[in-house]
Amino acid sequence: MIVESPAKAKTIEKFLGKDYKVMSSFGHIRDLKKKDFSIDTATFVPTYEIPADKKRVVEELRKAAEKAETVWLASDEDREGEAISWHLFEVLGLEGKDTKRIVFHEITPTAINAAILAPRNIDINLVNAQQARRVLDRIVGFKLSPVLWKKVKPSLSAGRVQSVAVRLIVEREREIQAFQSEASYRVVALFAVPDENGNTTELKAELNTRFKEKAQAEAFLAQCKDALFTIADVQTKPLKKSPAAPFTTSTLQQEAARKLGFSVSQTMTIAQRLYESGQITYMRTDSTNLSTLCLGASKKVIIENMGEQYHKARNFKTKAKGAQEAHEAIRPTYMDRPTIEGTAAERRLYDLIWKRTLASQMADALVDKTTATISMNGTDYLFTATGEVITFDGFLRVYRESLDEDTAPDNQDNHLLPPMHKGQPLQYTEISATERYTQHPLRYNEASLVHKLEELGIGRPSTYAPTISTIQNRDYVVKEDKPGQKRTINVLKLKAGKITDKMSSETFGSEKARLVPTDVGMVVSDFLTEYFPQVLDYNFTASIEKEFDEIAEGNKPWDEMIAAFYQDFNPLIERTMTGKQEHKVGERILGTDPKSGRQVSVKIGRFGPVAQIGTAAEEEKPRFAQLQKGQSIDSITLEEALALFDLPRTLGEWEGTPVMANVGRFGPYIQIGKEYASLPATLDPMHVTLEEAIELIEQKRQYEQKRQIKTFEENPDLEILNGRYGPYIAMGGKNYKIPTGVDPAKLDLAACMEIIEKAAEKPARPIRRRKSE
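Residues numbered from 1 in each chain as written. Predicted model: local features only at pLDDT ≥ 70, side-chain atom pairs only at ≥ 80, totals over all residues. Heavy atoms only, no water.

J.: Report on helix 13 (residues 464-473), specifying residues and quantitative values.
T.: Listing the buried residues of helix 13 in full gives Tyr464, Ala465, Thr467, Ile468, Ser469 and Ile471. Where helix 13 is buried, its residues touch helix 6 (160-178), helix 8 (249-260), helix 9 (264-276), helix 12 (446-456) and strand 13 (477-482). At the exit of helix 13 stands aspartate 475, carrying a positive phi of roughly 65 degrees. (Buried < 20%, exposed > 50% of the residue type's maximum accessible area, 1.4 Å probe, protein only. Helix = DSSP H or I, 4+ residues; strand = E, 2+ residues; numbered from the N terminus. Contact = heavy atoms within 4.5 Å.)

Written out as structure tokens, the structure reads:
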């Protein structure tokens, strides 16, 4: 039996026993050619190759297949899994063998044995759908990337899904930049509500109107001084809250980010381990279906632990655009196991999945929501107070779904209002009018970006994690915290018949782990949107996914789909490559340098955003300066750009050598002779002092002394160093692990060379590729 990962193979072998030999292909055993990728534009038949690191794996599988009576291809049941089985069938020459394809949602003895009893043929339609995705994405990447190298900067890349994801983030950033905050006065009153015993309870209510001007708020508070307040209406309505559906890939990624703080890629890595160890069902799915077995097991757990009133059987329909219902939702393989053995992260994610699955089969929560309306005599103004109380917790006993900050309600009144009746007079204790500002849209975090991509029908469950990782690795997007800013607000308060006018302060705009586009990301996105609007169009990207679905269902030939795309796409490439732009892509002219009279501009340079004095057309060469962290080519001013050319700054002398502050390819740094020390984020090269620079150099020297364990005069290129994961040998730009139990300080040159030679003799391990469907 052949599967795609060693962990999966180990779990299956444990269940099947000695009659089956279970081996791993370590993912795909062949892929589209990487170097000199080309495709026959008449037939669109791709050229495949076996990577060097897979040739030994292929040979081992081929030998085992020749000896086996039956070869079971048991890769995952999605399109990529089907393609893996097809490649194995082709490469291993299984044509004449007794070869059977089996699939299962979960790695349990029951599921595996059921699959063995019901084998099928390889579904060539699923293979073609995956092949179409790989070929189309390779065409887009290999054709667009050289355009970016020529027009923007070398070493850039583009992709069908990743470029659209960057566009979403860039457009949100532009929304924020264009946002104009508006102030208004929010009025909140505190009323004293007496009970039958003469005791009073505080009631908080908000006015149904906000005032644009301070004078309006002051005038309203003046009216309130002698006004009579009365309960105009009290309404209590019973409400039901229903549980969320079991997890799909995208909802698991979103909820793990909100509740556990996991990144999307971290969630998928942990979920993969849980699946391969037989703890959960297959983790790449957009279905919310649950098996009959799971429904029965969930019912039993709920009734035994909480009572029959807590159970309610439910079937969910997937709402995501373009979803496929072939798989089951992500759920525990055994519902009677609320906890598992494993790492802390594995236990936390499993707990989340178990609770979500169980809650989906539980009764609604019952809530009484009360709304009290308070009138003010002589005016149409109304104050409103709301509160709610849970009368039956239902599924909330187990699980409560989290919301993104930008979709969560502003005011959640989960409290009970005091007893009141219509016509009851009230006395205010305090009424305040506080200046409030409208907030700009929140930047995407990983969870909200996944939600948006799914909403638009862009990509598939397994594409989100690699897409979000890729756009960060390519430096198109960075994940960062935005510190809040302080601002002054006005607070008017009516108390005991007197109005006070005070200034207060608030922090606004604080964001954590948000995705922010870099200058390179913004320039690339703008360029692709202008010259390749079809590829960057959200509807087009979603429609491509629908075409893949049609191919998977056997309703569309995959080569015709690729041919139609190529015929429209290739002319755009050729026209853009040969076209001329008046300015370099992304260049922004700021003005003129008053000292030299030369043009000052900002653009994307070889190592990132730079300011430039002069042009390439002038006899005198242009001067360049790197933009500092926090500066952007979209917003930098002429004065800020000119200040960059004051670098390098001479801070003074130390040990008879000038101390300099400058900005380089990898950021700001201090230099003294041939020694360098990076500047931390708290210091910048324009304002760092000599004393601060000396302290950094001394810290760097102390670190280097501790890091270096031993050197050798006979071979100055060889060092024994302390690293993050322990001591190691460094020589010729390569690192070599020192065996456990060996004292690095006692190693001589001969012993070091022996360790290096033994390391060179070890065969390279095959690298398991991540799924990218």
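J.: Provide a residue-level description of the pairing of strand 14 (residues 485-495), including the pertinent values.
T.: In this sheet, strand 14 lies alongside strand 12 (residues 425-437) in antiparallel orientation, the contact comprising 4 bridges. The residue of strand 14 that forms the bridge with serine 432 is lysine 493. Direction of pairing for strand 14 relative to strand 15 (residues 498-508): antiparallel, over a ladder of 11 bridges. Of the residues in strand 15, the one forming a bridge with leucine 494 is isoleucine 499. Between strand 14 and strand 15, which pair antiparallel one after the other, the connecting turn spans 2 residues, and alanine 496 there sits at a positive phi close to 55 degrees. (Pairing = 2+ DSSP bridges.)

J.: Explain the sheet that holds strand 22 (residues 657-664) residue by residue, including any values.
T.: With respect to topology, 4 strands assemble into an open sheet ordered 21-22-23-24, the strand pairing being antiparallel. Two strands lie at the open edges of the sheet, namely strand 21 (649-654) and strand 24 (675-678), each paired on one side alone. Geometrically, the sheet is characterised by an average inter-axis angle of 25 degrees between neighbouring strands, direction not taken into account. Bridge count for strand 23 (residues 667-672) against strand 24 is 4 bridges, and the pairing is antiparallel. Each residue of the ladder has a partner; that of glutamine 671, found in strand 24, is tyrosine 676. Strands strand 21, strand 22, strand 23 and strand 24 of the sheet are contacted by helix 19 (residues 690-707), whose axis makes an angle of about 65 degrees with strand 21. (Axes fitted to C-alpha atoms, helices over the stretch in contact; angles between N-to-C directions.)

J.: Could you give an account of the packing of aromatic side chains, naming the residues involved and the relevant values?
T.: Scanning all chains against the criterion turns up 17 aromatic pairs. Their ring planes at 20 degrees and their centres at 6.0 Å tell us that phenylalanine 540 and phenylalanine 565 sit as a pair that is stacked. Taken together, the residues phenylalanine 540 in helix 16 (residues 538-552) and phenylalanine 565 in helix 17 (residues 558-578) connect sequence positions 25 residues apart. For the pair phenylalanine 540 and phenylalanine 565, a shared accessibility class is recorded, and that class is buried. Where phenylalanine 565 meets phenylalanine 569, the ring centres are 5.0 Å apart and the plane angle is 20 degrees; that geometry is what we call stacked. You can see phenylalanine 565 and its partner phenylalanine 569 sitting in helix 17, 4 residues apart, about one turn around the helix. (Phe/Tyr/Trp six-rings, centres within 6.5 Å; stacked < 30°, edge-to-face > 60°.)

J.: So what's going on with the pattern of salt bridges? Which residues, and what values?
T.: According to the stated counting rule, one finds 46 salt bridges in the structure shown. A salt bridge links lysine 758 to glutamate 754; the shortest N-O distance between them is 3.4 Å. Here lysine 758 pairs with glutamate 754, and both are found in helix 20 (residues 749-761), just 4 residues apart, close to one helical turn. By sharing partners, the salt bridges in this structure join Arg133, Asp137, Arg160 and Glu545 into a single network. (Salt bridge = Lys/Arg side-chain N within 4 Å of Asp/Glu carboxyl O.)

J.: Just give me the short version of the sheet that holds strand 20 (residues 623-626), but keep the residues and values in it.
T.: Pairing is antiparallel in the open sheet, where 4 strands are placed in the order 17-18-19-20. For this open sheet the edge positions go to strand 17 (588-592) and strand 20, each flanked by a neighbour on one side alone. With direction set aside, neighbouring strand axes in the sheet form an average angle of 25 degrees. For strand 17 and strand 18 (residues 599-605), the ladder comprises 4 bridges, and the chain directions are antiparallel. Bridging from a neighbouring strand, isoleucine 589 pairs with serine 601 of strand 18.

J.: So, unusual backbone geometry: which residues are in play, and what are the values?
T.: Across the junction of leucine 647 and proline 648, the peptide omega takes the value 0 degrees, indicating a cis bond. With respect to the helices, strands and loops of the structure, proline 648 is situated in the loop between helix 18 (638-643) and strand 21. With a phi angle near 55 degrees, alanine 496 is a residue other than glycine that sits in the positive phi range. Residue classification places alanine 496 among the exposed residues on the basis of a relative accessible area of 74%.

J.: Got a sec to walk through the nonpolar core? Specific residues and values, please.
T.: One finds Phe104, Leu349 and Phe532 to be the most contacted residues of the largest nonpolar core, which totals 127 residues. At 10 residues, helix 5 (residues 124-151) tops the list of elements feeding residues into this core. Leave out the neighbours within four places in its chain, and leucine 349 touches Leu252, Ala256, Leu260, Phe262, Thr267, Ile270, Ala271 and Leu274. The next biggest cluster of nonpolar side chains, apart from the first, holds 29 residues, and it includes Val187, Leu203, Ala217 and Leu417. (Core = buried A, V, L, I, M, F, W, Y, C linked by side-chain atoms within 4.5 Å.)

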